[in-house]
Every structure is written in C-alpha cells, then in structure tokens.
Amino acid sequence: MPRQPRLDTPGALHHLMGRGINGLEIFGSKKDCENFLGRLKDLRVKEALSIYARVLMDTHFHLLAGTGDISLSISMRKLSESFKVRYSERYEWVKYI
C-alpha cells in the first residue's frame with residue numbers, strides 16, 4: 001500500500017533522506033560534503049527550507065526540515081539535481097541516454 005501524500009504547508013516538519021544509487025558513496029570527500037552543505041545553505045537563504053538537524057553519512061543523508069515558501073518537492077529536486085550535476089562533473093560520470 002502506498003504511503004499517504006505529505007502535508008506540504010509552510011512550517012510543516014519533515015524527515016527527509018536521500019541516498020546514492022546501489023549504495024554508491026556520495027560523501028566520499030570533504031569537498032562532496034561542502035558542495036552539499038553549500039547547496040542546502042542556498043535553499044535556507046531563499047527561505048525554501050528551515051533545517052533543524054542534518055546527518056551526512058558516506059552513502060546517504062538525513063534532514064529534519066521545515067518547509068518554507070517553496071514546495072518541498074521543488075526544494076528537494078533543486079538540492080538533489082544541483083548536487084548530482086556537480087558530483088557527476090567532479091567524478092567525470094558520463095550521462096547515458
């Protein structure tokens with residue numbers, strides 16, 4: 001049975017997580033962490049998310065975040081896509097069609 005849709009109202013708290021494909025290490029270096037945290041800070045500055053807690057592990061992350069003016073799905077898409085693009089450039093991944 002699928003889970004119920006999230007309540008996406010300003011100020012709602014959410015436990016968010018993301019992980020690499022097939023257990024891929026996504027935070028293998030300090031630069032990877034700095035890249036992710038910089039992008040997370042950009043969302044905070046734009047008042048898209050309020051971050052109350054964060055945990056970065058080698059293969060995934062957890063966030064306790066409150067939603068802001070921008071919907072949660074848009075905020076998380078911006079975070080994950082911008083991180084993915086920089087990560088792919090750094091490790092010279094090839095985009096397959």
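What counts as what
- Residues numbered from 1 in each chain as written.
- Predicted model: local features only at pLDDT ≥ 70, side-chain atom pairs only at ≥ 80, totals over all residues.
- Heavy atoms only, no water.
- Pairing = 2+ DSSP bridges.
- Helix = DSSP H or I, 4+ residues; strand = E, 2+ residues; numbered from the N terminus.
- Phe/Tyr/Trp six-rings, centres within 6.5 Å; stacked < 30°, edge-to-face > 60°.
- Buried < 20%, exposed > 50% of the residue type's maximum accessible area, 1.4 Å probe, protein only.

Asks: Is there a simple way to explain the pairing of strand 2 (residues 49-56) in this structure?
Replies: In regular strands, side chains alternate between the two faces of the sheet. Bridge count between strand 2 and strand 3 (residues 60-67): seven bridges; the pairing is antiparallel. Bridge assignment links Ile51 to a residue of strand 3, and that residue is Ala65. Between strand 2 and the antiparallel strand that follows it, strand 3, lie three residues.

Asks: What is the right way to read the packing of aromatic side chains from this model?
Replies: What describes a pair of aromatic rings is the distance from one ring centre to the other and the angle between the planes of the rings. Enumeration according to the criterion identifies six aromatic pairs in this entry. Aromatic side chains Phe27 and Phe83 sit 5.7 Å apart centroid to centroid with 45 degrees between the ring planes, which places their arrangement in the tilted category. On the criterion of sequence distance, the pair formed by Phe27 in the loop between strand 1 (13-19) and helix 1 (30-45) and Phe83 in helix 2 (residues 72-90) is long-range, its members being 56 residues apart. Owing to a relative accessible area of 8%, Phe83 belongs among the buried residues under this scheme. Consider the rings of Phe83 and Tyr87, whose centres lie 5.9 Å apart with planes at 40 degrees: the pair is tilted. Taken together, the positions of Phe83 and Tyr87, both in helix 2 and four residues apart, correspond to about one turn of that helix. The burial state of Phe83 is the same as that of Tyr87; both residues are buried. Here the aromatic cluster, defined as three or more aromatic residues joined through ring pairs, consists of Phe27, Phe36, Phe61, Phe83, Tyr87 and Tyr91.

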